[in-house]
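# Summary of the model geometry
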Amino acid sequence: MIDDSGQTRVGKGTVFVNAEICKGCAYCIEFCPADCLRFSRNYNAKGYHYPVLAKPEACVGCNTCGQYCPDYAIFGMRYKDIDALEAERKAAASGKGDETPGREP
Amino acid sequence: MKASPEGVLTGVHFMDGDHAACEGALAAGCRFVAGYPITPSTEVVERFAARIPTVGGMFIQMEDELASSIAILGGAWGGKKVMTVTSGPGLSLMMEHIGLAVITEVPCVIVDVQRGGPSTGLPTLPAQADMMQVKWGSHGDYEIIALAPSSPQECFDLMIKAFNLAETWRCPVFFMMDEVVGHMVERVEIPPADQIEVVERRWSTKPPSEYRAYEPGPDLVPDMVKAGDGYHVHITGLTHDERGYPALNPAAQDRLVRRLSDKILKNADKMVDVREDGCDDADIIVVSYGITSRVADAAVDMARAAGLKVGSARLVVCWPFPDEVIRGYASRAKAIVVPEINLGQMVREVRRVVSCLPVYGVDHAGGSVHEPERILDVIKQAASDVGLAGGNGGRS
Amino acid sequence: MNVKDIMVSEASGGAEETRQAPIENPVLKYMRRDRMPHIWCPGCGIGTAVNCFTRALDSSGLDMDKVAIVSGIGCTGRVAGYMDLDSFHTTHGRAIPFATGLHLSNPDLKVIVFSGDGDLFAIGGNHFLHAARRNMDMLVICINNYTYGMTGGQVAPTTPLKSTQSTMPFGNFEEPMNLPFIADAAGATYVARWTVFHVRQVVRAIKEGFEHKGFSFIEIMSPCPTLYLRRNKLGDGVDQVRWFKEHSVLKNGADTKDVALRAQDPISVGKFVERDAPTWLDSRNAQLASVLGARFVTTGGSDGHN
C-alpha cells in the first residue's frame, strides 16, 4: 500500500526500485525518455549502485525503464494507475466487509 | 489394461522381424515415432510410416539420429508412447540423448537392429556387438533395460514387454535385435487386442501446486505429467532436485544419480527374464541371447545327444544383467559357455558374477551367425577341461 | 559507461526515498520466483529479451497452460529454467527437434524455442534448416550475442571479423553467418531481426510470431558484456545497446541477402519475411487425407492412451 503522507507527488508517475536486485547496468538511466533517473550514491549489498528518481517532476510513469530492465528491479507506473489500483483494493476490501444486516452488499 | 484395438493387427502373418517389431509397437500403444533410415532397421519405420496414418498417431523422418533421439523425448512429454529405431552408427549418434532420457526419466523404446561394426562395418550382416554400448556408451553412471528377441514372433511379443517396462520404470528400454532376426521371415501370430496387456503411464493425480516432478514413489519411480495440463513442469538435463530445478552440488548429484541407478538395480528382480531349459541338473550351461540362442539350441541338442548334460539359459532381458540367476548356476553347473556375435561382451558379465566357475566365450567378429558345431566344440572342450568327458563325473 | 557521469549530484538531496511498490514487478508473474535472481551478468541483454517475452505473453491472450518453452544449452539456454511455463532445458543444439516432437505429439501446445546463436546455428544448424524447410509450426527466438558466453567467450558462427575471442585469440578470420538469410533460404515464413534496444518492436515481433502459422524466426541482438564486449574493449552492456540504437536502420521487407552484419556497418533491423505457407502438419494432413480418404485418422489429442 502506498502511504502518501509526507510525500508530495510531482510528475505524472513514479518508479519502484528493488535496490537489492539491481545490478547497476544503467539501461534504465540510459533509455528513460525523460532522462529522470540517476544512480544513487548508495550501493546495495552486492556493491551495485541502483537508480533513483533524480528528477521526479519529469517522470510520467511510462515504464520504459521497466521494459528495459534485465533484472526486473525497476518499473514505473502512472499515478492515475496507482490510484485506480488503490481504489480497486479498497472496494474489494469493503465488499468483503462484515455481514451486518441492513448494510448493502 | 488391454491394448487399444486400432493398433493391433490380429491374425496369423508371415513377416520379418523388423515388421513384427513395428506391429508390436503399434499394439503396445506407440503413437509417435521419429526415425532415420539405417540398414538393417529401416523397415521398422517404413512400416510404421505406412501404418500410423490409419491407426492415428505420428511418424516423422528426422534429419539425423541426434534429432530422432530427442524428438521422441519431446513426443513423450507431449503424452505419447514413443520409439526410435536405428543400428550401430545411429546408436552412436544417440548417446547423448540416452543420457538425457535417463536423467529426465522419459519412457521410450530404442530399437537397435545390430550389424557388423565398428563404424560403417557390415551394414547388411548381423552382429551382437552393441550390447555393452547400450549400457556404457553414454557418459556418466546410468542403468538401462535391454531386451533381446530371437525371432520375428518375439519381435512382436517382446516389443510389448519393452514398452511396458519403459512405462513402468520411466527409462529408455533398448530392443536389441540383429540383422538376422530383423530380416528373417517367420510366422507371427498377433492375438486379439483384449489378450494383450499394456501398461499405461503412471500419470500424477496431484494438483499442480503439490506435484514435484522428481519426487519418487516407493518404487523409486516418480509419477509423470505432460505438457499442456497446467503443471508448468521444468525438465532439465542438469542434475536436479525433486522439483526438477537444477541443483549443481555433490549432495544433489548423489541423491539423483543413486536413485536413478537403484530404480533399475533394486527392482531388477522384477525384470528378470531368463528362459531356461534343462539347467537344473546340467553340468554345462550355455548362456546366450538373440539369434545366437537358436544356433546354441542346435549345439545343445548335439551335445546332449553325445551324452553331456547341457542346459541352455536364454537371456531375454540382458540389462539389468540377471546376476542372481547366473550366480545360481555356479553352485549347480561345472562350466558356462557364452556364444555371442562379438569378441566377448555379455561373457564379461557372466565372468563378473561367477568368478569361481570356468566360463568359455565363443566369440565371432560378426557378419554371420555361429556354426552350431563351433559352439559344440567349445561345450566339449569345457566338458573335457572339467573332467566330464569319457563318463568321468568328478573333476580331474 | 562511467557510473559517476550518471549519478545523482551531491546537491540534489531528497531524491533517494525508497517507495513501497503497490504490486510486484509485472515481469515476475511469468517467472519462477523461487529461482530468482537469474544468473545473467550485469548488462546482459538476455534479461531484457526475456522481459520483452513476458510482456508479449501478457498481452497475447494465450492460455499459459498451453505454452511450452524449449531451450538448448548456454546462457540463453537458461531461459527455459526461469519461465513459469512447461519448460524444457534440453541438449546443446537440439532444442528444435525436441520442440518438433513436443509439437507433433500435442499440436494444441504453443511451442517456443528460445536459445542462443551458437546453440541454434553451429551445433544446431542442421536442425534449424530442416525445421525451417518443413515450415514446422513453432517460434524460434535466437539471442545473438556473437559468442559462446556460458563457456567463457569462444568464437561463434556469428562473431564479427577481426573480433577477439578465446579460441580466436589473434582475431577472428571466419566469415560470420547472416542468420535471417539462412532462415529465409531454408524456408522460414516469418523472419525478423531486432536488438534489445528495440524493446517495443521485440514484443510486437514475438506476438506476431505467436500468431504466425509456420516457422517463425526472430533474431535479437544482445550484448555479452563479460566476454564479448570486455575482450573487444567495447564497453559495458549499456554502451552496446546504445550502439544498437545509434546504428540500427529499419529495413522492413529487406532482401535477407542484404542484411549481413559487418562490424562497423549499420544493423538492418525489421521484419524481413512474412508469408503464408502450409505448416508441416497442414501439408501432412492434406496429403494423407487426399490419398487415404476416410481411412486417415488425423493425429488426435495428447493423452498417453492414444
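Right, let's get into the domain arrangement of chain B. Residues and elements named next belong to chain B. Looking at the assigned domains, one finds that chain B contains domain 1 (2-195) and domain 2 (276-385). The straight-line distance from the C-alpha centre of domain 1 to that of domain 2 is 27 Å. On the domain 2 side, the residues contacting the 28 residues of domain 1 number 24 residues. Buried surface at the junction of domain 1 and domain 2, summed over both partners, amounts to about 2,000 Å²; 59% is from carbon and sulfur atoms. Seen at the junction of domain 1 and domain 2, the total is 2 salt bridges. The closest approach of N and O atoms between R314 and E154, which form a salt bridge, is 2.6 Å.

A word on the interface of chain C and chain A. Between chain C and chain A, the residue contacts involve 45 residues of the former and 40 residues of the latter. Overall, the association of chain C and chain A removes approximately 3,700 Å² of surface from exposure, summing both partners, and the carbon and sulfur fraction of that is 58%. On the chain C side of the interface with chain A, the three residues burying the most area are I6, R19 and P22 of chain C, jointly 19% of the side's total. Our count for the contact surface shared by chain C and chain A stands at 18 residue pairs in polar contact (both at pLDDT 80 or more). Listed by contribution, the elements that provide at least two residues to the side of chain C that touches chain A are α1 (46-58), α7 (199-211) and α9 (237-247) of chain C. By residue class, the composition of the side of chain C that touches chain A is 26 nonpolar, 10 polar and 9 charged.

Here we have 9 strands laid out as an open sheet, ordered β10(B)-β2(C)-β1(C)-β3(C)-β4(C)-β8(C)-β7(C)-β10(C)-β9(C), and mixed in their pairing. Looking at strand neighbours, the two that pair on one side only are β10 (234-236) of chain B together with β9 (248-250) of chain C, the edges of this open sheet. Adjacent strand axes in the sheet meet at a mean angle of 20° when their direction is disregarded. Of the strand pairs in this sheet, strand β1 (residues 67-71) of chain C and strand β2 (residues 86-89) of chain C are connected by 4 bridges, and their pairing is parallel. Of the residues in β2 of chain C, the one forming a bridge with V70 of chain C is F88 of chain C.

Turning our eyes to something else, we now look at α1 of chain C. All names here are of chain C. Here α1 is 13 residues long and its end C-alpha atoms lie 18 Å apart, about the 18 Å a rise of 1.5 Å per residue gives. Burial runs high along α1: 11 of the 13 residues are buried. Among the residues making up α1, those that are buried are I46, G47, T48, A49, V50, N51, C52, F53, T54, A56 and L57.

Rules behind the numbers
Residues numbered from 1 in each chain as written. Chains lettered and ligands numbered in written order. Predicted model: local features only at pLDDT ≥ 70, side-chain atom pairs only at ≥ 80, totals over all residues. Heavy atoms only, no water. Domains from an automatic or database assignment. Contact = heavy atoms within 4.5 Å. Buried area = accessible area lost by both parts, 1.4 Å probe. Salt bridge = Lys/Arg side-chain N within 4 Å of Asp/Glu carboxyl O. Polar contact = N/O pair within 3.5 Å; in protein donor to acceptor, adjacent residues only side chain to side chain. Helix = DSSP H or I, 4+ residues; strand = E, 2+ residues; numbered from the N terminus. Nonpolar A, V, L, I, M, F, W, Y, C, P; charged D, E, K, R; others polar. Pairing = 2+ DSSP bridges. Axes fitted to C-alpha atoms, helices over the stretch in contact; angles between N-to-C directions. Expected span 1.5 Å × (residues − 1). Buried < 20%, exposed > 50% of the residue type's maximum accessible area, 1.4 Å probe, protein only.

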